[in-house]
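Residue-level structural notes
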Amino acid sequence: MTLSTKIALKKNCVYISEFFIFTFLKHDHMSESVITLKNVRKAYQGNPVLEIPFLEVPVGIHWLKGQNGAGKTTCMKVIAGLIPFSGEILLREDISNKYNPVALRKAINYAEAEPLFPAYLTGNDLLALYMNTKGGDKDWINEVATQLGIHAYINFPVSSYSSGMLKKLSLLLAFTGTPQLILLDEPLITIDTAAVETLYGLIREKSEQGVSFIITSHQPIDESVIRLSGVLNVADKTITRN
Ligand SMILES: Nc1ncnc2c1ncn2[C@@H]1O[C@H](COP(=O)(O)OP(=O)(O)OP(=O)(O)O)[C@@H](O)[C@H]1O
């Protein structure tokens, strides 16, 4: 893959290598950045995939777009601290992967595109594990599980789950704790339309509380997620919504 080390900032559209970020919702405190990447490089077996000299992602909801294999998942895994890389990641400009790696990981949640969990665990086992380690509001997360319809099968081992059931569980886990940034990798695939609406509601609710989102999706993201802001800035276009 040919990689460009150049990052062009074009209004609210940031091009990084072969993918780019659309900013959907800008909070009042937009000047703040939720995450900053400095000299981030990632290669697999010597093949470079990510090369990001500098990127500041502002507080808000962002759509990370790019073609298959562009490096979106890799970028998310790097930000979430799940794979080794070189460079520095800063949360809110002061929590660094170099000096506060645990605090950084605790503040960033990630839902994989194709989640994999140990087959013998139940949804409840995983939820309890996440709640014990990440914390968060138990009543609220139980309410979310109900909204997503997860309670019907939460006591079954995940090996018995369909792909949509597994996806819903991974989305639920992404909302545990008290994250400042939630990374959702292809959250719209395999889940039913009711769950999609629930997910949009959750994103709106958490966003209002100051939580930022980076979302990858090859499908268009519904406008309902962006209605809160009233303004959608996509690349050079500004569309006002009432
Ligand atoms: N574990 C791995 N080992 C080797 N190469 C990998 C690994 N994971 C990803 N890659 C390679 O890194 C590149 C970027 O992959 P990545 O999954 O980040 O892309 P993506 O933008 O998320 O793609 P998609 O839209 O298809 O999900 C691809 O060329 C892929 O083959």
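The model shown is predicted, which means the values in this text are computed figures rather than measured ones. (Residues numbered from 1 in each chain as written. Predicted model: local features only at pLDDT ≥ 70, side-chain atom pairs only at ≥ 80, totals over all residues.)

Describing the overall build of the chain
Rules: Put simply, DSSP H or I for four residues or longer makes a helix, DSSP E for two residues or longer makes a strand, and each gets a number counted from the N terminus. With C-beta atoms placed from the backbone, a residue is buried if 20 or more other C-beta atoms are within 10 Å of its own, exposed if 12 or fewer are, and partly exposed between those counts.
When helices and strands are counted, the chain shows six helices and 13 strands. The 242 residues of the chain split such that 37% are buried.

Focus: the sheet that holds strand S4 (residues 33-44)
Spelled out, the test is: Pairing between strands is defined by DSSP: at least two bridges between them are needed.
Spatially, four strands are ordered S5-S4-S7-S8 in an open sheet, and the strand pairing comes out antiparallel. Bordering the open sheet on either side are strand S5 (47-58) and strand S8 (95-96), each of which pairs with just one other strand.

Focus on the site of the ligand
Filter applied, for reference: Any residue whose C-beta atom, as set from the backbone, lies within 6 Å of a molecule or strand is reported as near that molecule or strand. When residue character is reported, Ala, Val, Leu, Ile, Met, Phe, Trp, Tyr, Cys and Pro are called nonpolar, Asp, Glu, Lys and Arg charged, and the others, Gly included, polar.
In the vicinity of the ligand, the residues found are Tyr 44, Val 49, Gly 66, Asn 68, Gly 69, Ala 70, Gly 71, Lys 72, Thr 73 and Thr 74. For the shell around the ligand, the leading source of residues is helix H1 (residues 72-79), giving three residues. When the residues that make up the shell around the ligand are grouped by side-chain class, the tally is three nonpolar, six polar and one charged.

Overview of helix H6 (residues 193-208)
To keep things clear, this is the line we draw: Here the expected length of a helix is defined as 1.5 Å per residue gap, with one fewer gap than residues. This arc describes the spread of directions from the helix axis toward the C-beta atoms.
Look at H6: 23 Å from first C-alpha to last across 16 residues, which is about the 22 Å you get at 1.5 Å a residue. Listing the buried residues of H6 in full gives Ala 195, Leu 199, Leu 202, Ile 203 and Ser 207. The buried residues of H6 occupy an angular sector of 125 degrees when projected down its axis, which confines them to one face. Away from its buried face, by an angle of more than 90 degrees, H6 presents the exposed residues Thr 193, Ala 194 and Glu 208. Looking at the residues trailing H6, positive phi occurs at Gly 210, about 100 degrees.

Side note on the environment of Asp 94
Mapped onto the elements, Asp 94 comes out in the loop between strand S7 (86-91) and S8. Along the sequence, Asp 94 and Thr 36 sit 58 residues apart, while their C-alpha atoms lie 9.7 Å from each other.

Details of the pairing of S5
Pairing analysis gives 10 bridges linking S4 to S5, with the strands arranged antiparallel. Of the residues in S5, the one forming a bridge with Ile 35 is Val 57. Here S4 hands over to S5 after two residues, with Gln 45 in that stretch at a positive phi of 50 degrees.

Some points on unusual backbone geometry
Of note, the phi angle at Arg 92 is positive, near 50 degrees, even though the residue is not glycine. With respect to the secondary-structure elements, Arg 92 resides in the loop between S7 and S8. By the C-beta count within 10 Å, which is 16 here, Arg 92 ends up partly exposed. Phi at Thr 190 takes a positive value of approximately 70 degrees, unusual for a residue other than glycine. If you trace the backbone, Thr 190 turns up in the loop between strand S10 (181-185) and H6.

Describing the confidence of the model for the chain
Quick reminder of the rule: Note on scores: pLDDT gives the predictor's confidence for each residue, bounded by 0 and 100. Contact definition: two residues whose C-beta atoms, as placed from backbone geometry, lie within 7 Å.
The predicted model of the chain averages 83 in pLDDT, with 79% of residues at 70 or higher. Here residues 1-11 is modelled with pLDDT under 50, and outside its nearest four sequence neighbours on either side it reaches 20 contacts, counting other chains as well. Note that pLDDT drops below 50 for residues 227-242; the model gives that stretch 28 contacts with residues more than four away or on any other chain. Predicted complex metrics record ipTM = 0.98 and pTM = 0.87.

Let's talk about the nonpolar core
Stated precisely, the cut-off is as follows: What we call a nonpolar core is a set of buried Ala, Val, Leu, Ile, Met, Phe, Trp, Tyr and Cys residues whose membership is set by joining through C-beta atoms within 7 Å.
One finds Ile 79, Ile 108, Leu 169, Leu 172 and Leu 183 to be the most contacted residues of the largest nonpolar core, which totals 57 residues. Residues within four places of Ile 108 in sequence aside, it is in contact with Ile 79, Ala 80, Leu 91, Pro 179, Leu 181 and Leu 183.

Observations regarding the environment of Ser 217
Its place among the elements puts Ser 217 in the loop between strand S11 (212-216) and strand S12 (231-234). Through-space distance from the C-alpha of Ser 217 to that of Lys 65 is 6.8 Å; in sequence the pair is 152 residues apart. Not counting the four nearest positions on each side in its chain, Ser 217 is found in contact with Trp 63, Glu 186, Pro 187 and Leu 188.

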